[in-house]
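The lines below spell out each chain.
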Amino acid sequence: MKYFVTVNGRTHEVQVRERLGELTVEVNGKPLDIAYEEVDNLGQVAVRCEGKSFGLSIEGDDHRLGAVIAGHLYAVEIEDERERAAHAAERTASKGGGMIKSIMPGVVVKLLAQVGQAVEKGQPLLILEAMKMQNEIVAPSDGTVQAIHVKERDAVGSGAKLLTLKGN
Amino acid sequence: MKYFVTVNGRTHEVQVRERLGELTVEVNGKPLDIAYEEVDNLGQVAVRCEGKSFGLSIEGDDHRLGAVIAGHLYAVEIEDERERAAHAAERTASKGGGMIKSIMPGVVVKLLAQVGQAVEKGQPLLILEAMKMQNEIVAPSDGTVQAIHVKERDAVGSGAKLLTLKGN
Amino acid sequence: MFRRILIANRGEIALRVIRTAREMGIDTVAVYSEFDRKALHVRMAHRAVALGGNTPRESYLDMDKVIAAAKSSGSEAIHPGYGFLSENAVFAERVMQAGLKWIGPPPAAIRAMGDKITSRRHMRTAKVPVVPGLVDPVDDAKAAREAAREIGYPIALKAAAGGGGKGIRVVHAEKEMEGAFRTASGEALSSFGDGRLYMERYLDSPRHIEIQVLFDEHGNGVSLGERECSIQRRHQKLIEECPSVAITPQVRARMGEIAVQAGRAIGYQNAGTVEFLWSQGEFFFLEMNTRLQVEHPVTEMVYGLDLVREQIEIAAGKRLDAGMGKLQPRGWAIEVRINAEDPFNGFVPSTGTIRNLRAPGGPGVRLDAALYRGMEVGLNYDPMLAKLIVWAENRPMAIQRMIRALQELNVGGVRTSAPAALIVLEDQRFQRGEFDTHFLVGLDLSQPREGEDVIVAAAAGLFRHLAARRRALSSDNLARKAWSDRARSRTTSYPTPGSRGGTR
Amino acid sequence: MFRRILIANRGEIALRVIRTAREMGIDTVAVYSEFDRKALHVRMAHRAVALGGNTPRESYLDMDKVIAAAKSSGSEAIHPGYGFLSENAVFAERVMQAGLKWIGPPPAAIRAMGDKITSRRHMRTAKVPVVPGLVDPVDDAKAAREAAREIGYPIALKAAAGGGGKGIRVVHAEKEMEGAFRTASGEALSSFGDGRLYMERYLDSPRHIEIQVLFDEHGNGVSLGERECSIQRRHQKLIEECPSVAITPQVRARMGEIAVQAGRAIGYQNAGTVEFLWSQGEFFFLEMNTRLQVEHPVTEMVYGLDLVREQIEIAAGKRLDAGMGKLQPRGWAIEVRINAEDPFNGFVPSTGTIRNLRAPGGPGVRLDAALYRGMEVGLNYDPMLAKLIVWAENRPMAIQRMIRALQELNVGGVRTSAPAALIVLEDQRFQRGEFDTHFLVGLDLSQPREGEDVIVAAAAGLFRHLAARRRALSSDNLARKAWSDRARSRTTSYPTPGSRGGTR
């Protein structure tokens, strides 16, 4: 199985082959001599590679995960070949338009814009309160507010749709 | 369901009733106002009872378990009604005779008695080595060695049968 | 000494107080919201009283419930921890009116320092140097703009009733004043019910240096050295040290004297912290925190004492030990706050369930946490999950030890501030002691960590591959369903009905 | 300073050395048996070299493999930890012959102290007081019986080549000599390949007091106070303290001088421990451990230094710091060994898989362990899983802190010695300081813990009831099978074939 693994913005092709119950790994076409052993079912992994040893903590799902090595976090995205093709098609289709999503869970304290309103890049659109800190969510570019998906006092999760902005 | 729970040598009757998804508990015929909540699937339990709070660590199986409260270990045995009856019958049947079992895992270093040999209480029967310490296993009472279930260099687990002694 | 005390708090600080009280042979009573009913502070206390509710307001901020819990449990005193009701003079009064001892300063001292404007007036009277700025709060952005012209930019806007970094904004130019005032005032109103802000000069390359003080009921007061808390963001501290590279023994002695003078001026008792802004050799009174400080452990490790024990003994009427003022600092201590937030994404809060925990250990490492596997991290409470503290013989060794300890730590299930702390500790400027309160904000956290990308890519591929393989093993839907049912039921709680009426 | 060192050990002591080396910026190389391939010391090291095998002899005791690992990994020095090859003069020599630095004393010093008979001869020459007894070992029980008549009962039988409590028996009367000699000699033969025993008077109410020493390569030597190690069973220590209630500053100074004298007499270098038997004001040389001692952390916490760092710096040729001899003790430290054994069943070894871990935390608590969830505890290695160490301002506070820390600790999956330590710490005689090396053996551990029996009974009933309920949910065999398959596969390892040839 081939996976496209993006670490720190760079994508690596990871080929995992299974033969007689053993796995071989190639990264970017080159075989990698790696011992990968799960220590428990909580993401603790003992990895040894080219004499070096690593205690990895991995968690996440099939598509996004975080790997911690010696306290440093590597954010990882994974696609298999089918997913990669599908995502590429998606990206081409959704060009333009701007959905503003919440980057944190919180409560909408105040809406500062209305549907149809023209806004400038950097203009505050709403105030989101999280952990008692109020954060202004600003327009990422000039445009017009096309839709508002929340109302004041709404609790929103991370990634929730807040507003749709139509670019000029 | 009624359980016979032996803690520190004293047996308590614990009656657990389930009604509409909630449990009630009686111990020795008296209702007990106890909140029992499992924190994780590793035996961590939050218990509150009569104003007191306990962080219990429980582990074991249906019949024998250990419960740790604030560092102190309570060894517990549990039987349900059916098991209690069966065990009682067993105990009556197996009166007399003496199976000597290993109380620790180890290696049999030396046999000091033979089948048919008469031994006195306290006489060494074999030497068991565990963690590099040699331990003499002695006769619990006067008797005759009826059978030896191990040979020298055998590795034995905890609870393994070592010798059968026939009482005089 | 008290036989039983109630701890009106949650999380690591509740556990911190429980630990010392247990060591003193004092019975401990925890209180808890519905959300916290399995929390470690509940399990580690001798007794627990349910406050109900899930928000702070329904539980830990509800004075009636907390005082009722203390009375019903037979507690003799209340320790408020930090946050929640710890700096609430009304609560302190009500505790005392209920016939309980308050493990904290007198209400009048809390009031004198609770409002920043009042506290500055007190300090000016007591000849304690304060930062240039307005004495009176301003009500709107227009008044703020006018006042700012006199004080001069940059200007700090701070909630008159605030604390903990809430309702604070720095304004660099007049055009930013409108927006800054709106959000700061809004936060202040929402957090403290008072939207007034006060203004002061924002000092150049300032360091946040604070002095730990202790006063007993018999007129004795001591200072216990300084803490360096300049590594902060939005006035939320991330890394604290004791001592500070910036402070000479002479300055330490002088700051200590002034801090004790500040406390005396308001009739202070119990443990407190006098915060100063230090800038180019000068220092100015900032505020006094009339409670135990989050970062108190660094002082404990360097001075070799237990500040919570001192608090309890002072509240019980004990005199400060004669040797207390003569304690000598030994070595260097550093604390890192482990917050549930994503430092690579603007420090936004991170929520989730704690899946895995690996506590660092070995020489000189202390972990103050109330974490447990299975704990849910939500948005209702403070994002601070844990404090990691190290001690070593000197600052370079303490920095290396903290780096090592952070490398060992693993908190799975949420993102934490730990990687950001690691980047600060590895920074050459930090290691040379060249930093101020702007250091953290100016740090570029976007730089990706290099080096092990290929290993990570391979491990991630194997992780996904093996996960898929395991799923394939559970061959049909029925099996899958049984699995998930079972997994779910393994941690379900089965409260008995009787317990509802009791302490839950 | 070294750029890379190899740690020829496993478990907590391997991790202990890795921690300090990481803090010093030194690359660390772990070695591991097949059994230990997922162990924490492997994961926390920068590099790891497989030794193969599962028994000590096939792995950590195999000199060829260890030295080859050091060479192949580019290591410059070897730290042996304690146990295994740490007191093996031949190994030390072979390390040096291989062009590597040996982080330990010179082979001649190891030899001088390795054989107890030789060491006593050396000490007599150096005017160090030794316990009355035979200088030459005896070969059989008959010779022992005759010699015993001269020395007088009680007599201690000790392996001539021994250490760590193996091959030691106390004989109170002549009729016990035959059996005691047989088992002690058998153990000695099996452990050290030498069944000879030596004999000495067993002192009345003895305390085991030991002195930490450090010597550099330049002729400087210092002592760093004493450790009290009298709480032991079969010469396996359970609880250690620094300092000791029995030792006055004058006696401490005198013992320190004698310990340094003992080290000098044999040309000692690096860290070592001189053990004394203290009895009614007198003290006698017992033996010298020519390595880092298990209980070294109590000295570190009271004297404020890192002994492993000192070891590495001494091996790298550094002079002892001039201030080292002037370090003043501060407060009190206690260590408890957490062994995998059942104290309520004659301390028999306990095996299993570590299911759950809860590390204690908060002020003054240090945990030195290499434990992880999923770790298998078998019989191949030492039963010591962890060391819990606390520091506090004085002995009563340290005792209460250790009790509190033990209450917080949970090691699930095996029985441990922790409850026994708790019983010792709660004992009034121990708290008053009235104990000797017989204290632990004389302790009645059969007394059941009272008080919470009803709660425990109810919780156990609910635990079983809910477990049964969950099993009922997985309604048929297929589902059950899928569950167990999956559970099993979740922790399976999938080594890649290429790695077989490499570092595994």
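Residues numbered from 1 in each chain as written. Chains lettered and ligands numbered in written order. Predicted model: local features only at pLDDT ≥ 70, side-chain atom pairs only at ≥ 80, totals over all residues. Heavy atoms only, no water.

### Re the overall build of chain A
Next, step 1: Scanning chain A for helices and strands turns up 1 helix and 17 strands.
Next, step 2: Over its C-alpha trace chain A gives a radius of gyration of 21 Å, far above what one expects of a compact globule, namely 15 Å for 168 residues.
Next, step 3: Reported as C-alpha extents along the three principal axes, the dimensions of chain A are approximately 60 × 35 × 20 Å.
Next, step 4: For chain A, contacts bridging at least 24 residues in sequence account for 39% of all contacts bridging at least 6.
Next, step 5: Surface accessibility of chain A: about 8200 Å² in total, with carbon and sulfur atoms responsible for 50%. (Helix = DSSP H or I, 4+ residues; strand = E, 2+ residues; numbered from the N terminus. Rg over C-alpha atoms; globule rule 2.2 N^0.38 Å. Contact = heavy atoms within 4.5 Å. Areas by Shrake-Rupley, 256 points an atom, 1.4 Å probe, with all protein chains shown as cover.)

### Quick notes on the overall build of chain C
Next, step 1: Across its full length, chain C holds 17 helices and 22 strands.
Next, step 2: Counting the 504 residues in chain C, one finds 63% classified as buried.
Next, step 3: Sequence-distant contacts in chain C: of pairs separated by 6 or more residues, those separated by 24 or more amount to 66%.
Next, step 4: Summed over all atoms, the accessible surface of chain C reaches about 17200 Å², with 49% contributed by carbon and sulfur.
Next, step 5: Taking the average location of the 69 positive side-chain charges in chain C and that of its 59 negative ones, the two points are 6 Å from each other. (Buried < 20%, exposed > 50% of the residue type's maximum accessible area, 1.4 Å probe, protein only. Lys, Arg positive; Asp, Glu negative; His and termini not counted. Charge placed at Lys NZ, Arg CZ, Asp CG, Glu CD.)

### Side note on the sheet that holds strand S14 (residues 332-339) of chain C
Residues and elements named next belong to chain C.
Next, step 1: One open sheet accounts for 8 strands, arranged S13-S12-S9-S10-S11-S14-S21-S19; its pairing is antiparallel. Each edge of the sheet is formed by a strand with only one pairing partner; in this case those strands are strand S13 (282-289) and strand S19 (365-369). Averaged over all pairs of adjacent strands, the angle between strand axes in this sheet comes to 25°, irrespective of strand direction.
Next, step 2: Pairing of S19 with strand S21 (residues 384-392), which is carried by 5 bridges, proceeds in the antiparallel orientation. Within the sheet, the bridge partner assigned to Val365 lies in S21 and is Val390.
Next, step 3: Of the strands in this sheet, strand S9 (207-215), strand S10 (221-233) and strand S12 (270-279) are in contact with helix H11 (residues 307-315), which crosses S9 at around 40°. (Pairing = 2+ DSSP bridges. Axes fitted to C-alpha atoms, helices over the stretch in contact; angles between N-to-C directions.)

### Some remarks on the interface of chain A and chain C
Next, step 1: Across the boundary between the two partners, chain A contributes 62 residues, which contact 58 residues of chain C.
Next, step 2: When the two sides are added together, the surface that chain A and chain C hide from each other amounts to roughly 5300 Å², 62% of it contributed by carbon and sulfur.
Next, step 3: At the junction of chain A with chain C, the criterion picks out 7 salt bridges.
Next, step 4: In this structure, the salt-bridge partner of A:Asp62 is C:Arg471, at a minimum N-O distance of 2.7 Å.
Next, step 5: Our count for the contact surface shared by chain A and chain C stands at 15 residue pairs in polar contact (both at pLDDT 80 or more).
Next, step 6: Its residues assigned to classes, the side of chain A that touches chain C shows 35 nonpolar, 15 polar and 12 charged. (Buried area = accessible area lost by both parts, 1.4 Å probe. Salt bridge = Lys/Arg side-chain N within 4 Å of Asp/Glu carboxyl O. Polar contact = N/O pair within 3.5 Å; in protein donor to acceptor, adjacent residues only side chain to side chain. Nonpolar A, V, L, I, M, F, W, Y, C, P; charged D, E, K, R; others polar.)

### Some remarks on the pairing of strand S17 (residues 161-167) of chain A
Within a regular strand, side chains alternate between the sheet's two faces.
All names here are of chain A.
Next, step 1: Pairing analysis gives 4 bridges linking strand S10 (residues 98-101) to S17, with the strands arranged antiparallel. Along S17, the bridge assignment pairs Gly98 with Leu165.
Next, step 2: Here strand S15 (residues 143-148) pairs with S17 via 5 bridges, running antiparallel. Residue pairing in the sheet places Thr144 in a bridge with Lys166 of S17.

### Overview of the pattern of salt bridges
Residue and element names in this part refer to chain C.
Next, step 1: Overall, the coordinates contain 109 salt bridges over all chains when judged by the stated rule.
Next, step 2: With a shortest N-O distance of 3.2 Å, Lys237 and Glu210 are connected by a salt bridge. Taken together, the residues span a long stretch of sequence, with Lys237 in strand S11 (residues 236-242) and Glu210 in strand S9 at a distance of 27 residues.
Next, step 3: Take Lys237: its relative accessible area is 10%, and that puts it in the buried class.
Next, step 4: The class of Glu210 is buried, set by a relative accessible area of 0%.

### Description of the confidence of the model for chain C
Residue and element names in this part refer to chain C.
Next, step 1: Confidence in the prediction for chain C averages 90 pLDDT; 92% of positions are at 70 or higher.
Next, step 2: Scored below 50 in pLDDT, residues 475-504 shows 68 contacts in the model against residues more than four places distant or in partner chains.
Next, step 3: Predicted complex, confidence summary: ipTM 0.83, pTM 0.86. (pLDDT = per-residue confidence, 0-100.)

### Here's the deal with the packing of aromatic side chains
Residue and element names in this part refer to chain C.
Next, step 1: Counting across every chain of the model gives 16 aromatic pairs over all chains.
Next, step 2: Among the aromatic side chains, those forming a connected cluster through ring pairs are Phe35, Tyr60, Phe84 and Tyr381.
Next, step 3: Taking the ring centre of Phe435 as reference, the NZ or CZ of Arg207 above it sits at 4.5 Å. (Phe/Tyr/Trp six-rings, centres within 6.5 Å; stacked < 30°, edge-to-face > 60°. Lys NZ or Arg CZ within 6 Å of the ring centre and 35° of its normal.)

### Here we look at the environment of C:Tyr32
Next, step 1: Mapped onto the secondary structure, C:Tyr32 falls in strand S2 (residues 27-32).
Next, step 2: In this structure C:Tyr32 comes out as buried when scored by relative accessible area, which is 1%.
Next, step 3: Side-chain polar atoms of C:Tyr32 contact the side chain of B:Arg48, separated by 2.7 Å.

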